[in-house]
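# Reading the structure
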Amino acid sequence: MMESEYKSLKITEASSGVYNLILNQAATLNALSPDFFAEFPKALSYLDSNPDVSVILLSGTGNHFCAGIDINSLKAITTTSTPSSDRGRATESLRRHILYMQDAINSIERCRKPVIACVHGACIGGGIDVITACDVRFCTESAVFSVKEVDLAIVADLGTLQRLPRIVGYANAMDLALTARRFSGSEAQKFGLVSKVFASKAAMDEAVRDFAQGIAAKSPLAVTGTKAVLLRSRDMTLETALDYVATWNAGAVISDDLTEAISAHSQKRKPVFAKL
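The rules we used
Just so you know, the residues in each chain are numbered from 1, in the order the chain's sequence is written. Selection of residues for local features in this predicted model requires a pLDDT of at least 70, selection of side-chain atom pairs for listing and counting requires 80 or more, and totals for whole chains, interfaces and linings are taken over all residues. Working from all heavy atoms in the structure, the side-chain values ignore hydrogens and water. UniProt positions are given in the numbering used here, feature names are shortened, and annotations may be inferred rather than shown by experiment. In what follows, salt bridge is the name for a side-chain nitrogen of Lys or Arg lying within 4 Å of a carboxyl oxygen of Asp or Glu. Buried means the residue's accessible area, taken with a 1.4 Å probe over protein chains only, is under 20% of the maximum for its type, while exposed means over 50%, and partly exposed covers the values in between. Strands here are runs of E lasting at least two residues and helices are runs of H or I lasting at least four, both read from the DSSP assignment and numbered beginning at the N terminus.

The protein chain has the name Delta(3,5)-Delta(2,4)-dienoyl-CoA isomerase, peroxisomal in an unreviewed UniProt entry, where Heracleum sosnowskyi is given as its organism. The UniProt entry for the protein chain carries the following text under Subcellular location (unreviewed entry): "Peroxisome". Regarding the protein chain, the UniProt comment filed under Sequence similarities (unreviewed entry) reads as follows: "Belongs to the enoyl-CoA hydratase/isomerase family."

Given below as C-alpha cells:
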C-alpha cells in the first residue's frame, strides 16, 4: 500500500534506518477509526518488509497521541454487519469484528522491527491498547493516560487487559482499569509504563530519534531476534524459553553480522551491517 493511499496514517523518514509512523487524524484527536484498523497492519507490514527500515517511531499528529476509539468504530462493536435476527449469528459476527480489530493492534508485535511509542497529550482507551503492544514507550510531562473503557460500559478488548499487567503489575493494572482514572506521565514512569518522561514534545522527539539511531546501528539480526525471543519467552516457562532461544541462536548466530561485529571490535571501529 503506497503512503499516499493512507487516510489515517503518515510515514516519514526520521533519520537513516529510523522511520516515523504517525497517527494522522488530528481533527478527531487521532481516534482509532475504521480506516485505522484497515490501514495500520498494512503500514506495519510495509515497514517490516522495507530493508531501509530498522526502527519505527509511533507518534500522533496535532496536540494528542490518541483520544481512544472513534465513535464509528465503537458503533461497529455494538452493531454487526449481519442482518440476521439469529442471536447466535449476530454474536459470531461481532466476535469476528473484535478479532479483526485486535489483529490490527497485534500487528505491532508481529512486526520484526522495534516499534517505539512517543506519547504526547492524551493517550486514552484504545491508545493504551496501542502503546502496550509497543516495544518501548516514552512520553512528555504533559501526557495524560486513561484506561477509559469501563466508563463507556464496555470491557477493554483490544489488548490492554492482557498486556498492561505484565508491564505495570497486576495490582496497578486493576486500579487503572477499574477506575478509568487519568494518570500523568510521571505516574506512568513510576508504574514502568514509560521508560522516560520529557519536558516537551520537541525534546522527546530529538532524544527518541537518537535512541532509535543507536538501535538502528546494531545488527538487524540481533535486534529482530531479541524482540522475537522476548515476546515468545513471555508466555513460556523458563526451561521452554531457554530451549527456544538456543534453537533460535543455533540458526541465527553464525552470520556475517557476527563476523563483522568481532572484526569491528578488534579494529576499534564501528561495525557496518547489511540491511535486513
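Next comes the rest of the write-up.
Turning to the pattern of salt bridges, a few remarks are in order. Counted by the stated rule, this structure contains 14 salt bridges. The closest approach of N and O atoms between Asp-151 and Lys-148, which form a salt bridge, is 3.1 Å. In this structure Asp-151 comes out as partly exposed when scored by relative accessible area, which is 45%. Taking the relative accessible area as the measure of exposure, Lys-148 reaches 32% and is therefore partly exposed. Ionic pairing is found between Asp-235 and Arg-166, a salt bridge with its closest N-O pair at 2.8 Å. Note that Asp-235 is positioned in the loop between helix 9 (220-233) and helix 10 (238-252) and Arg-166 in helix 5 (residues 160-168), a separation of 69 residues in sequence. Exposure class is identical for Asp-235 and Arg-166. Each is exposed. Three or more residues joined by partner-sharing salt bridges are found here, namely Glu-109, Arg-163 and Arg-234.

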